[in-house]
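# Structural overview for review
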Amino acid sequence: MPQALGSLTLSHFLLTGAVLFVLGLIGFLSRRNLIIMFLCTEMMFQGVVLTLVAFSRFQSNYTGQTFVIFVLTIAAAEAAMALGLVVLLFRRKRTLDASVWSALSE
Amino acid sequence: MPYVLYIASTLGAVALFMMMPRHGYSPRKLGALLGAVTLGGLWLFLAQHYLEPASDRGITAPAVVYHYIFSGLAIVAAVRVITHDKPVYAALWFVMIVLASAGLLLVLSAEFMAVAMVIIYGGAILVTYVFVIMLASQPGDTAAPDDAPAYDRVSREPAAAVVVGFVLLALLLSAMFATGDSTDSPWLTPNVMAQAPSDELIIEKVLTNRAAQRALDRIGGQGEATVSQTFARTDQLDNTERVGLDLFEGHPLGLELAGVILLMSLVGAVVIARTRVEASQPQEKS
């Protein structure tokens with residue numbers, strides 16, 4: 001297919017970013033392990049980062065890549081806090097099952 | 001045209017639903033095959049309709065191959081993360097996502113972001129995740145030590161989650177690939193936002209950016225640099241320098257706020273880690 005080796009369009013990168021975001025969303029909704037749920041939020045961050053950099057490249061505006069630095073900052077802060085909370089929750093009930101915590105009161 | 005996107009979304013949803021962990025038999029091989037066929041078919045369709053003929057303006061031909069390789073790797077790894085039984089393997093597949101998306105960022109000629117992504121995500125955040133997975137692992141059953149606990153083997157409402165996710169995906173795709181005849185908005189026509197701009201256009205746009213212009217003068221040391229000298233100097237700027245200029249010249253307040261957020265999360269993590277927990281729950285209930 002000679003036409004397939006043309007130049008890429010923006011939509012190709014947006015497609016990959018959207019698929020990563022949606023897969024992270026599905027994982028967050030359907031998995032029951034607390035750690036994997038937070039891993040899936042990081043996956044959604046990956047999709048957003050890809051979209052931001054693709055827009056930055058195709059609009060030749062470097063603010064998109066600058067924003068990725070802030071996304072990384074938030075991701076690092078979120079990982080530290082969330083994993084600390086997960087360890088705290090694990091010490092209370094000795095399980096990582098999210099549905100154990102479905103009742104608001106104890 | 002949008003029907004192809006809808007069909008692809010539906011087939012992808014069915015494939016992912018087949019692969020989700022659940023009670024009883026789950027046809028993972030069949031789901032993987034269906035997903036691969038769907039993704040390949042969608043890419044073939046898009047390659048026929050949305051790739052411009054090779055020109056000197058866009059991302060060049062070898063990058064197209066790398067784009068498909070890295071995108072396929074990222075999507076396969078993402079599916080494995082949300083379908084794998086064991087959390088450690090899910091974390092390792094997430095490292096694969098990070099590496100593949102770093103490759104995609106390299107295709108987009110964002111070298112600094114690619115390297116920062118590998119260092120921060122693959123090096124720092126994922127190591128933290130793996131440590132917590134090891135710290136919070138349950139003592140295994142002695143009869144079958146290789147079996148994952150039930151909350152890893154059975155997912156919660158996979159059908160609803162897959163439907164929600166892929167409806168969102170179909171909406172996103174139909175907005176991304178909307179053609180010009182359905183709407184007047186130039187934002188959505190693929191030909192307007194299709195091509196990566198040439199270097200001349202980047203120089204032109206970056207030079208009109210006032211902050212970058214000021215920073216360039218500051219770097220050069222001579223405020224009276226002529227336009228042609230500035231052009232030459234901007235041409236020599238690489239990706240890291242441009243991102244740095246944009247970060248420190250355009251967003252100083254955001255930089256300060258990021259520092260405050262990191263400090264707050266540091267304090268919060270220390271407070272959370274030092275919280276004493278009375279083990280009031282029965283230990284053997286699992």
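This text goes with the structure placed above it.
Residues numbered from 1 in each chain as written. Chains lettered and ligands numbered in written order. Predicted model: local features only at pLDDT ≥ 70, side-chain atom pairs only at ≥ 80, totals over all residues. Heavy atoms only, no water.

## Overview of the overall build of chain B
The secondary structure content of chain B amounts to 12 helices and 0 strands. Counting helices and strands in the order they occur from the N terminus, chain B gives α-α-α-α-α-α-α-α-α-α-α-α. Looking at chain B as a whole, 40% of its 286 residues qualify as buried. When contacts within chain B are restricted to residue pairs at least 6 apart in sequence, long-range pairs at least 24 apart make up 63% of them. Carbon and sulfur atoms make up 66% of the accessible area of chain B, which totals about 15,900 Å². (Helix = DSSP H or I, 4+ residues; strand = E, 2+ residues; numbered from the N terminus. Buried < 20%, exposed > 50% of the residue type's maximum accessible area, 1.4 Å probe, protein only. Contact = heavy atoms within 4.5 Å. Areas by Shrake-Rupley, 256 points an atom, 1.4 Å probe, with all protein chains shown as cover.)

## Let's talk about the interface of chain A and chain B
Of the residues lining the interface, 81 residues belong to chain A; the matching set on chain B comes to 110 residues. Between chain A and chain B, a total of about 8,700 Å² is buried, with carbon and sulfur atoms accounting for 73% of that surface. When the area that chain A buries against chain B is broken down by residue, the three leading residues are R31, R57 and Y62 of chain A, summing to 8%. Inspection of the region where chain A meets chain B yields 0 salt bridges. For the pair chain A and chain B, the number of links is 18 residue pairs in polar contact (both at pLDDT 80 or more). Of all the secondary-structure elements, those providing two or more residues to the side of chain A that touches chain B are α1 (10-30), α2 (34-58) and α3 (63-93) of chain A. Top contributing element to the side of chain A that touches chain B by residue count: α3 of chain A, with 25 residues. Looking at the side of chain A that touches chain B residue by residue, the class counts come to 52 nonpolar, 19 polar and 10 charged. (Buried area = accessible area lost by both parts, 1.4 Å probe. Salt bridge = Lys/Arg side-chain N within 4 Å of Asp/Glu carboxyl O. Polar contact = N/O pair within 3.5 Å; in protein donor to acceptor, adjacent residues only side chain to side chain. Nonpolar A, V, L, I, M, F, W, Y, C, P; charged D, E, K, R; others polar.)

## Notes on the packing of α1 of chain A against helix α7 (residues 158-176) of chain B
Axis separation between α1 of chain A and α7 of chain B bottoms out at 9 Å; the angle between their running directions is 160°. In this view, α1 of chain A runs roughly antiparallel relative to α7 of chain B, as classed from their interaxial angle. As α1 of chain A packs across α7 of chain B, the resulting crossing turns out to be right-handed. On the side of α1 of chain A, the interface is formed by S11, L14, L15, A18, V19, F21, V22, L25, I26, L29 and S30 of chain A, while α7 of chain B contributes P158, A161, V162, V164, G165, F166, L168, L169, L172, L173 and M176 of chain B. Split by residue class, the contact of α1 of chain A with α7 of chain B holds 19 nonpolar, 3 polar and no charged. (Axes fitted to C-alpha atoms, helices over the stretch in contact; angles between N-to-C directions. Parallel < 35°, antiparallel > 145°, perpendicular 65-115°, else oblique. Left-handed = near helix turned anticlockwise from the far one by under 90°.)

## Notes on the layout of surface pockets
Residue and element names in this part refer to chain B. Volume-wise, the second largest pocket comes out at about 550 Å³. For the second largest pocket, the lining is made up of 29 residues, of which G35, A36, L39, I75 and V79 are closest to its centre. Counted by class, the lining of the second largest pocket contains 20 nonpolar, 7 polar and 2 charged residues. (1 Å grid on protein atoms, 1.4 Å probe; cavity = no way out; pocket = protein on both sides within 12 Å on 5 of 7 lines; lining within 4 Å. Points joined across faces, edges and corners; volume = space filled by probe spheres on them.)

## Digging into the packing of aromatic side chains
Per the counting criterion, the structure on display carries 6 aromatic pairs over all chains. On the basis of an interplanar angle of 85° and a centroid distance of 6.4 Å, the ring pair of Y3 of chain B and Y6 of chain B is categorised as edge-to-face. In this pair, Y3 of chain B and Y6 of chain B are both assigned in helix α1 (residues 2-19), 3 residues apart and thus about one turn of the helix distant. A residue is classified by how much of its surface remains accessible, and Y6 of chain B, at 36% relative accessible area, is partly exposed. Between the aromatic rings of W43 of chain B and Y68 of chain B, the centroid separation amounts to 5.1 Å while the plane-to-plane angle is 65°, which identifies the pairing as edge-to-face. With W43 of chain B in helix α2 (residues 28-50) and Y68 of chain B in helix α3 (residues 61-83), this residue pair connects regions lying 25 residues apart in the sequence. Note on W43 of chain B: relative accessible area 12%, which makes it buried. Its end group placed over the ring of W101 of chain A, K93 of chain A keeps NZ or CZ at 4.9 Å from the ring centre. (Phe/Tyr/Trp six-rings, centres within 6.5 Å; stacked < 30°, edge-to-face > 60°. Lys NZ or Arg CZ within 6 Å of the ring centre and 35° of its normal.)

## Thoughts on the nonpolar core
L23, I26 and M43 of chain A together with L16, F94 and L105 of chain B are the most contacted members of the largest nonpolar core, which totals 92 residues. It is α2 of chain A that contributes the most residues to this core, 12 residues altogether. Here I26 of chain A is in contact with L16, M20, I82, A161, V162, G165 and F166 of chain B, once residues within four sequence places are set aside. (Core = buried A, V, L, I, M, F, W, Y, C linked by side-chain atoms within 4.5 Å.)

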